[in-house]
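A closer look at the structure
Below, each chain spelled out in residue letters.
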Amino acid sequence: MAIATAVISLKLITSRRLQPKNHTPILAQNRPFKVSCCVLHNPSSLHTHFQKLVDEFDPRIPIEKALTPPRSWYTDPSFYDYELHRVFYGGWQAVGFTEQIKDPRDFFTGRFGNVEFLVCRDDDGKVHAFHNVCRHHGSLLASGSGKKSCFVCPYHAWTYGLDGALLKATRITGMQNFNEFGLIPLNVATWGPFVLLSVGKENSPHHEVDGNMVENEWLGSCSDTLKTNGVDSSLSHVCRRVYNIECNWKVFCDNYLDGGYHVPYAHKDLASGLKLDSYSTIIYEKVSIQRCEGGSAGSEDDFGRLGSKVLYAFIYPNFMINRYGPWMDTNLVLPLGPRKCQVIFDYFIEAHHKDDKAFIERSLVDSERVQMEDIKLCEGVQSGLESLAYCSGRYAPTVEKAMHHFHQLLHDNLKM
């Protein structure tokens, strides 16, 4: 069935990306974008094309016999645009953490897909989220993060309150039929240390969405498992690192979800700190949890970074939570194009380690090594996917259950 959906469309990020051989992390920041409005048309012939690509993966086939999704899911530019709307603009998305809006007047901005957003806490302590777009001529309203009593558009100085209301519109004498023109709200919620947004649901502009409802929809029956394994608000934020990677966003997710398959071959230092034969995977509704025991306790190289147990949680479609030793880090995977993604790492630590600079620095060096190894892997996979030799692959049934589950969830969203 043909549909025409009006959306706010912003050009994909054009920020300077890291060179393939020198992936130095950069500080997360927002850069100016040109803004335009358009209508996305999906004629029936295009729908037929998309559904043909979607149907090349059959989620009903058992993992022992299944083929992975075809290369087109990772390389076709039109499929990427279709995927944004079907996968990212429906459910809840993790976009930040509560420390960023700890106090009244705190705010932060960001972007996922073609959505520019702004999250803030008003003077009464209420959390709000809006499209970060001035209603006058579409300029981005704010950038970065910090503290503000109101938001003043840098273009023509239209001014909005922390509740999104238009407070001042300059030089509008003679304008007719001018009604409420406040910021367009987004649904916002918090769970534990995380801030979540939803684009596709009916907006609740005056208050946060009920946390229990969001917990059930976002995490399902695994929420208690995360809570009892140290995923909570007691941890202190240490730093953020951002990587721009030359691969489709799903390549990074697939790499994360292979059940430790690649660890002994690609991450030898990490592998020495894990008992890989203890690796296990549990599948929930929209979450998969991989567990492994630490294996280097008592060795000369061990300094307590990994601890005795490691938990890796993947929350569909693009958010990872890693809990190990005194550390938690999160990975937010943002699609930037058919063969580009950005991965935002936020590092958190337990209170008794937050002033141990030597421990923190050594831990971050170890983590950085793993990220560089993964980037090399993912960019190599993307190049292989784009070659004429590859169509679809296979799953290793004993370890790649979480990856298969991810692809099944994708198919469910993509299928008309």
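So, here's what we can say about the structure. (Residues numbered from 1 in each chain as written. Predicted model: local features only at pLDDT ≥ 70, side-chain atom pairs only at ≥ 80, totals over all residues. Heavy atoms only, no water.)

So, on to the pattern of salt bridges. Throughout the structure, instances matching the rule amount to 16 salt bridges. With its nearest N and O atoms 2.9 Å apart, the salt bridge here joins Asp-346 to Arg-240. One end of the pair, Asp-346, is in strand β19 (residues 340-349); the other, Arg-240, is in strand β13 (residues 236-245), and 106 residues separate them in sequence. Taking the relative accessible area as the measure of exposure, Asp-346 reaches 5% and is therefore buried. In this structure, Arg-339 and Glu-386 form a salt bridge, with 2.8 Å as the shortest nitrogen-oxygen distance. With Arg-339 in the loop between β18 (327-337) and β19 and Glu-386 in the loop between α9 (357-385) and α10 (401-414), the pair connects residues that are 47 residues apart, well separated along the chain. You can call Arg-339 partly exposed: its relative accessible area is 28%. One salt-bridge network, held together by shared partners, links Asp-269, Arg-305, Asp-366 and Arg-369. (Salt bridge = Lys/Arg side-chain N within 4 Å of Asp/Glu carboxyl O. Helix = DSSP H or I, 4+ residues; strand = E, 2+ residues; numbered from the N terminus. Buried < 20%, exposed > 50% of the residue type's maximum accessible area, 1.4 Å probe, protein only.)

Most of strand β11 (residues 187-191) is tucked away, with 4 of its 5 residues classed as buried. For β11 and strand β12 (residues 194-198), the ladder comprises 5 bridges, and the chain directions are antiparallel. Following the sheet pairing, Asn-187 is matched in β12 by Ser-198. The antiparallel hairpin formed by β11 and β12 contains 2 residues in its connecting segment, where Gly-192 sits at a positive phi of about 55°. (Pairing = 2+ DSSP bridges.)

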